[in-house]
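The chain contents come next:
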Amino acid sequence: MSEATREIRTDYLARVEGEGAMLVRIRDGALEEVQFRIFEPPRFFEALLRGRRFSEAPDITARICGICPIAYMASSAQAMERACGVELPEQLRLLRRLVYCGEWIESHVLHVAMLHAPDFLGYDGAIELARDRRDLVELALRLKKLGNELMRVIGGREVHPVNFRVGGFYRVPAEAELRALVPELEWAREAARELVRWTAGFEFPDYEREYAFVALSQPGEYAIERGRIVSSTGLDIDVAEYEQHFAETHLERSNALHSTLAGVGAYLVGPLARYALSHDRLSDVAQEAAEEAGLGPVCRNPFKSIVVRAVETLYAVDEALRIIAAYERPATPAVPCLPRAASGHGCTEAPRGICWHRYELDAEGTILDAKIVPPTSQNQKTIEEDLVGVVRASLDLPDERLAHVCEQTIRNYDPCISCATHFLRLEVERS
Amino acid sequence: MSAVSVKPKLAVWKFSSCDGCQLTLLDCEDELLAIAEGVDIAYFPEATSAEVEGPYDVSLVEGSVTTAHDVDRIHEIRERSALLVTIGACATSGGIQALRNFADVREWIPLVYASPEFVSTLETSTPIADHVAVDLELRGCPISKAQLVETISALLAGRRPRLPTTSVCIECKARGTPCVLVAGGAWCLGPVTQAGCGALCPAYGRGCYGCFGPMESPNMDALARRWHELGASDADLVRALRTFNANAPAFREASLDRE
């Protein structure tokens, strides 16, 4: 390597879910190339689903991700229900939304406090942060535990819940089981506000981009478990029309597939997108907290995604309280779903963004073909574009500092590499 | 040299998996900070950028071996670890991705990837114990939080952890759940599945789906008879055995026998 060469590498990115790497190559002081690579080995879910029963999809696809199993269970169950021509009764749909709120709380707090906040405060991780700010880490752990508690009460356990089926649930909780969570949720509403204030006080790099935001949209609510796919570029489609507008490309360097939106290119899913497209549908408490945090109606600074995640955590707590207050135990835990030869499409808002599924079934309910598009692979191209922008703005930084800023840029997306593998190492090369 | 208390070094390693089992450690919200005081978390990239060099006193290994690089890596980890504990169905049996062991993975690659030549993978997904000596295994998809905490506490105290080898049935009885297989008519793998989950599925009104893998001495024939009485075909039983522990020997043989 000549003196003018700079090569910065991170071979194994920490504080992300899964295995990924990054390479930045700088020649004569100019950025030549950025690569964000996913080397998590492929597990071939779409192939192994072929020949399985339609009813098995939620339990099997949950195993794509231990951090957001509900996202996979909810998207696959929705796809199968649509294939069977069944719509969930309102109380069962709300129970799904409630368990999904639990996953948002658990996943968001894990990322905000334990994986991402250490970047802003100069710690290696939450355990190191706890040595100086034990109060904050304890608050975060208690909040995260509450998210897990919602998943445990409704789903049976935190990771890979057992109580989820096509058509509803195996068992629906009694009113008293959910009401027992109310005092802790009321504490959590204040704690989540504290989380918003804490993150809003971080120092953020001055970096903004015009993103194409893509998220679910549902009239009257902040979309989580249902909705149409909409974008800031004017797209408004049913989830069944996804493949007519989005394409996936397989690149050599990565076991994840790159997604693009026709006529637009790279796009962004997740908290920034949801907030930009639906912030007016957040609860009053969450809107107040967002305003107090200085977010405005659209946030284009990816580093501030941590604040939006905290706002969404507050929303999920508030929404859980609302659902529980109105909850009446459904008469039956599930509605019958009889398979037919059909295709079914499902799309829900995983904590990291839309998680889209399509299945082709035969008349007996055997899966003939499956396609799953996780949020991280949809964000991969946008993450690379962010890296280009951030590196160009930070070329004067010493290698170690530049590597840190790059890693932080990637962690803005809470990338879930296990999901996207079908992701990450950091390498910066200067020549 | 003065007496300095040296905390045992704990490392957490990942192979092919969903990250759910190592997440279980971060899900120990009440115990996590106490654990971090008792052990030196020396390598745990999912949680921290800090890295302490080996050798390690205890290595927790998640995931299965699916690439040639994995094979080299697990041998290196074994050499640097005094105790190696495998955590979860992927590490102990090969996981859901071991369904490829019953198929031709070369036919699978193009179903997922447009450019199969970019994908490097082994034809099988295998448990860690197929490659190196394993000191202790924690079953489950995912592992049980209680078993993880018990294991770390026991290892810190220098004793063997208490882990059950009986079937899920014993946990159903202890919990007072009426039998879903005998009384409820549900297709349940509980009688042949190792305890550890607390008999969760039957408590939620469904049959056990075997996520802790086979118990010590499973009576597959007796189970098959009961399933047949309930209208299940051999194909139904094969499908039930071929999920998260499909490659565990007792489940694999029973499914191949009935194919």
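Residues numbered from 1 in each chain as written. Chains lettered and ligands numbered in written order. Predicted model: local features only at pLDDT ≥ 70, side-chain atom pairs only at ≥ 80, totals over all residues.

A.B. asks: Describe the overall build of chain A, and please don't skip the residues or the numbers.
C.D. replies: Helix and strand content of chain A: 15 helices and 12 strands. Here chain A has a C-alpha radius of gyration of 21 Å; the compact-globule value for 431 residues is 22 Å, and the two agree. Once the C-alpha set of chain A is aligned to its principal axes, its extents read approximately 70 × 45 × 35 Å. Taken over 431 residues, chain A has a buried fraction of 58%. (Helix = DSSP H or I, 4+ residues; strand = E, 2+ residues; numbered from the N terminus. Rg over C-alpha atoms; globule rule 2.2 N^0.38 Å. Buried ≥ 20, exposed ≤ 12 C-beta atoms within 10 Å, placed from the backbone.)

A.B. asks: Pulling in residues and values, what's your account of helix 3 (residues 69-83) of chain A?
C.D. replies: With 15 residues, helix 3 of chain A should reach 21 Å at 1.5 Å per residue; the first-to-last C-alpha distance of 21 Å fits that figure. Immediately downstream of helix 3 of chain A, the backbone of Gly85(A) shows phi near 70°, a positive value. (Expected span 1.5 Å × (residues − 1).)

A.B. asks: Could you give an account of the environment of Ala11(B), with specific residues and numbers?
C.D. replies: Counting through the fold element by element, Ala11(B) comes out in strand 1 (residues 9-14). Ignoring any residue separated from it by four or fewer positions in sequence, one finds Ala11(B) in contact with Ala42(B), Tyr43(B), Tyr56(B) and Ser59(B). (Contact = placed C-beta atoms within 7 Å.)

A.B. asks: For the nonpolar core, give the residues involved together with the corresponding values.
C.D. replies: Ranked by size, the top nonpolar core spans 186 residues in total, and within it Met80(A), Phe213(A), Val214(A), Ala215(A), Val311(A) and Val61(B) carry the most contacts. Contact partners of Val61(B), with chain neighbours within four places excluded, come to Trp13(B), Phe15(B), Ile77(B), Leu84(B), Val85(B), Thr86(B), Ile87(B), Ala91(B) and Ile128(B). (Core = buried A, V, L, I, M, F, W, Y, C linked by C-beta atoms within 7 Å.)

A.B. asks: Describe the interface of chain B and chain A, naming the residues involved and giving the relevant values.
C.D. replies: Accessible area lost when the parts come together is the quantity often used to give the size of an interface. At the junction of the two partners, chain B supplies 47 residues and chain A supplies 48 residues. Elements with a minimum of two residues in the side of chain B that touches chain A: helix 1 (20-26), helix 2 (32-38), helix 5 (105-112) and helix 8 (200-203) of chain B. The element that contributes the greatest number of residues to the side of chain B that touches chain A is helix 1 of chain B, accounting for 5 residues. Taken together, the residues of the side of chain B that touches chain A sort by class into 27 nonpolar, 12 polar and 8 charged. (Nonpolar A, V, L, I, M, F, W, Y, C, P; charged D, E, K, R; others polar.)

A.B. asks: Could you give me a rundown of unusual backbone geometry, with the residues and numbers involved?
C.D. replies: Most of the time, phi is negative for any residue but glycine, and the peptide bond is trans. Residues Gly54(B) and Pro55(B) are joined by a peptide bond in cis, for which omega reads 5°. The topology assignment puts Pro55(B) in the loop between strand 2 (40-43) and strand 3 (56-62). In this model, Cys141(B) is joined to Pro142(B) through a cis peptide bond whose omega is 10°. Mapped onto the fold, Pro142(B) is located in the loop between strand 5 (136-138) and helix 6 (145-157). A positive phi is found at Asp28(A), a non-glycine position, where the angle reads about 50°. For Asp28(A), the location among the structural elements is in the loop between strand 2 (20-27) and strand 3 (30-38). The exposure class of Asp28(A) is exposed, given the 11 C-beta atoms found within 10 Å. Even without being glycine, His160(A) reaches a positive phi, approximately 50°. Considering the arrangement of structural elements, one finds His160(A) in the loop between helix 6 (134-155) and helix 7 (175-179).

A.B. asks: Just give me the short version of the sheet that holds strand 10 (residues 353-361) of chain A, but keep the residues and values in it.
C.D. replies: All names here are of chain A. If you walk across this open sheet you meet the 3 strands as 9-10-11, and the pairing is antiparallel. What marks the edges here is a single partner per strand, and that holds for strand 9 (342-350) and strand 11 (367-373). Between one strand axis and the next, the sheet turns by 15° as a mean value, whatever way the strands run. Alignment of strand 9 against strand 10, held across 9 bridges, turns out to be antiparallel. Residue Cys347 lies in a different strand from strand 10, and its bridge partner there is Trp356. Docked against the sheet, helix 13 (residues 375-393) engages strand 9, strand 10 and strand 11, running at close to 125° with respect to strand 10. (Pairing = 2+ DSSP bridges. Axes fitted to C-alpha atoms, helices over the stretch in contact; angles between N-to-C directions.)

A.B. asks: Please give an account of the domain arrangement of chain B that cites residues and values.
C.D. replies: Residues and elements named next belong to chain B. Structurally, chain B comprises domain 1 (9-157) and domain 2 (168-257). Using C-alpha coordinates to define each centre, domain 1 is positioned 25 Å away from domain 2. Between domain 1 and domain 2, the contact holds 16 residues from the first and 13 residues from the second. Among the elements that make up the side of domain 1 that touches domain 2, the one with the highest residue count is helix 4 (residues 89-93) (3 residues). (Domains from an automatic or database assignment.)

A.B. asks: So what's going on with the domain arrangement of chain A? Which residues, and what values?
C.D. replies: Taken domain by domain, chain A holds domain 1 (5-41 + 395-430) and domain 2 (45-212 + 214-379). In this structure, domain 1 of chain A and domain 2 of chain A have C-alpha centres spaced 26 Å apart.

A.B. asks: Go over the pairing of strand 4 (residues 81-87) of chain B, please, and point to the residues and values.
C.D. replies: Residue and element names in this part refer to chain B. The buried fraction of strand 4 is high, at 5 of 7 residues. Bridging between strand 3 and strand 4 involves 6 bridges; their strand directions are parallel. Across the sheet, Glu62 pairs through a bridge with Ile87, a residue of strand 4. You can see the chain leave strand 3, run along helix 3 (residues 68-79) and come back into strand 4, and the turn it takes is right-handed. Strand direction decides the pairing type here: strand 4 and strand 5, joined by 3 bridges, are parallel. Each bridged residue has a counterpart across the sheet, and for Val85 the counterpart in strand 5 is Leu136. (Right-handed = clockwise from strand over helix to strand, strands pointing away.)

A.B. asks: Just give me the short version of the packing of helix 10 (residues 271-278) of chain A against helix 12 (residues 305-326) of chain A, but keep the residues and values in it.
C.D. replies: Residues and elements named next belong to chain A. Where helix 10 meets helix 12, the closest approach of the two axes is 9 Å, and the angle between their N-to-C directions is 65°. Considering the angle they form, helix 10 stands roughly perpendicular to helix 12. Here helix 10 runs over helix 12; the crossing is left-handed. The residues of helix 12 that touch helix 10, namely those facing Pro271, Leu272 and Tyr275, are Ser305, Val308, Arg309 and Glu312. A breakdown of the residues in the contact of helix 10 with helix 12 according to their chemical character gives 4 nonpolar, 1 polar and 2 charged. (Parallel < 35°, antiparallel > 145°, perpendicular 65-115°, else oblique. Left-handed = near helix turned anticlockwise from the far one by under 90°.)

A.B. asks: How would you explain the sheet that holds strand 5 (residues 228-231) of chain A if you had to name every residue and give the values?
C.D. replies: Residues and elements named next belong to chain A. Read from one edge of the open sheet, 3 strands run 4-5-6, paired in antiparallel fashion. In this open sheet, the two strands that pair with only one neighbour each are strand 4 (214-217) and strand 6 (236-237). Of the strand pairs in this sheet, strand 5 and strand 6 are connected by 2 bridges, and their pairing is antiparallel. Its bridge partner lying in strand 6, Val230 is registered against Asp236.

A.B. asks: An account of helix 10 of chain A is requested, with residue identities and associated values reported.
C.D. replies: All names here are of chain A. Summarising burial for helix 10: 7 of the 8 residues are buried, a large majority. Those residues of helix 10 lying buried are Pro271, Leu272, Ala273, Arg274, Tyr275, Ala276 and Leu277. Considering only its buried residues, helix 10 is in contact with strand 4, strand 5, helix 12, strand 9 and strand 10.

A.B. asks: Can you explain the packing of helix 4 (residues 90-121) of chain A against helix 12 of chain A? Please cite residues and give values.
C.D. replies: Two numbers describe a pair of packed helices, the interaxial angle and the distance between the axes. Residue and element names in this part refer to chain A. For the pair helix 4 and helix 12, the least separation of the axes is 9 Å and the interaxial angle reads 150°. In terms of their interaxial angle, helix 4 and helix 12 are classed as roughly antiparallel. Here helix 4 and helix 12 pass one another in a crossing that is left-handed. Where helix 4 abuts helix 12, its residues Leu94, Arg97, Leu98, Cys101, Trp104, Ile105, His108, Val109, His111, Val112, His116 and Ala117 lie against Ile306, Arg309, Ala310, Glu312, Thr313, Ala316, Val317, Glu319, Ala320 and Ile323. Its residues placed into classes, the contact of helix 4 with helix 12 shows 14 nonpolar, 4 polar and 4 charged.

A.B. asks: Which residues make up the confidence of the model for chain B, and what values do they have?
C.D. replies: Here chain B averages 92 in pLDDT, and 95% of its residues register 70 or above. Taken together, the chains of this predicted complex give a pTM of 0.94 and an interface ipTM of 0.95. (pLDDT = per-residue confidence, 0-100.)

A.B. asks: Describe the environment of Asp11(A), listing the residues and the values that go with them.
C.D. replies: All names here are of chain A. Structurally, Asp11 is set in the loop between strand 1 (5-10) and strand 2. In this structure Asp11 comes out as partly exposed when scored by C-beta crowding, with 14 C-beta atoms within 10 Å. When the C-alpha atoms of Asp11 and Val230 are compared, they prove to be 36 Å apart, with 219 residues separating the residues in sequence.

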